[in-house]
Amino acid sequence: MVRTFNIEISNYGWELEIEGFNEPYENYEPIEDAPVSFGIAVKKDDKVIALYDPFVPKDEAIKEANKLIIFQEECKFIDKHNDYRFDGNLVDSLIYIQKQFIERFKDE
């Protein structure tokens with residue numbers, strides 16, 4: 001079954017969370033080999049559950065994530081702010097977040 005993630009981008013950063021995610025982040029295992037620039041990267045049963053960072057995903061972090069199997073899972077993504085949905089892997093979602101974050105806040 002394909003998992004679905006919600007994307008949230010705001011002045012406070014970005015979040016990528018599995019549908020039905022229950023905080024707090026501390027209830028989940030950290031993804032030890034996730035890019036260090038991610039503020040939060042947690043998993044459950046060796047699958048990404050949530051990612052959060054106050055800053056735009058860096059190119060280097062996206063390249064690092066692309067090398068990790070845990071980020072290769074094919075999923076559905078929903079950006080409710082833009083009423084936009086797409087399918088791809090978790091790296092694709094990071095690229096999408098990067099582009100949207102830059103576009104939304106380029107004048108700030």
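Computed from a prediction, not measured in an experiment: that's the story for all the values here. (Residues numbered from 1 in each chain as written. Predicted model: local features only at pLDDT ≥ 70, side-chain atom pairs only at ≥ 80, totals over all residues. Heavy atoms only, no water.)

A. Looking closely at the overall build of the protein. Scanning the protein from N- to C-terminus turns up two helices and seven strands. For the protein, the α and β elements follow one another from N to C terminus as β-β-β-β-β-α-β-β-α. Computed over the C-alpha atoms, the radius of gyration of the protein is 13 Å, within 12% of the 13 Å expected from 2.2 N^0.38 for a compact globule of 108 residues. Dimensions of the protein, computed from the C-alpha atoms along their principal axes, are close to 40 × 25 × 25 Å. With 108 residues in all, the protein has 46% of them scored as buried. The long-range fraction of contacts in the protein, counting pairs at least 24 apart against all pairs at least 6 apart in sequence, stands at 51%. In the form shown here, the protein has an accessible surface area of approximately 6600 Å², with 49% of it arising from carbon and sulfur atoms. Taking the 13 positively charged and 24 negatively charged side chains of the protein as two groups, their mean positions are separated by 4 Å. (Helix = DSSP H or I, 4+ residues; strand = E, 2+ residues; numbered from the N terminus. Rg over C-alpha atoms; globule rule 2.2 N^0.38 Å. Buried < 20%, exposed > 50% of the residue type's maximum accessible area, 1.4 Å probe, protein only. Contact = heavy atoms within 4.5 Å. Areas by Shrake-Rupley, 256 points an atom, 1.4 Å probe, with all protein chains shown as cover. Lys, Arg positive; Asp, Glu negative; His and termini not counted. Charge placed at Lys NZ, Arg CZ, Asp CG, Glu CD.)

B. Expanded view of the packing of aromatic side chains. Summed over all chains, the structure comprises nine aromatic pairs. Relative to Phe38, the ring of Trp14 lies with its centre 5.8 Å away and its plane at 85°, an arrangement referred to as edge-to-face. On the criterion of sequence distance, the pair formed by Trp14 in strand 2 (residues 13-18) and Phe38 in the loop between strand 3 (29-30) and strand 4 (40-44) is long-range, its members being 24 residues apart. Its relative accessible area of 0% is what places Trp14 among the buried residues. Owing to a relative accessible area of 7%, Phe38 belongs among the buried residues under this scheme. An aromatic cluster of at least three residues, connected via ring pairs, comprises Phe5, Phe77, Tyr84, Phe86 and Tyr96. (Phe/Tyr/Trp six-rings, centres within 6.5 Å; stacked < 30°, edge-to-face > 60°.)

C. Local environment of the nonpolar core. Among the nonpolar cores identified, the biggest contains 34 residues, and Trp14, Leu16, Leu51 and Phe71 are the most heavily contacted of them. The leading source of residues in this core is helix 2 (residues 90-104), at six residues. Other than its neighbours up to four places away in sequence, Leu16 contacts Phe5, Asn6, Ile7, Ile49, Ala50, Leu51, Phe77, Leu90, Ser93 and Ile97. (Core = buried A, V, L, I, M, F, W, Y, C linked by side-chain atoms within 4.5 Å.)

D. Expanded view of the pattern of salt bridges. Within this structure, the stated rule accounts for six salt bridges. Glu73 is the salt-bridge partner of Arg3, the closest N and O atoms lying 2.8 Å from each other. With a gap of 70 residues between them, Arg3 in the segment before strand 1 (4-10) and Glu73 in the loop between helix 1 (59-66) and strand 6 (74-79) connect regions that are remote in the sequence. Across the pair, Glu73 and Arg3 agree in class, each one buried. (Salt bridge = Lys/Arg side-chain N within 4 Å of Asp/Glu carboxyl O.)

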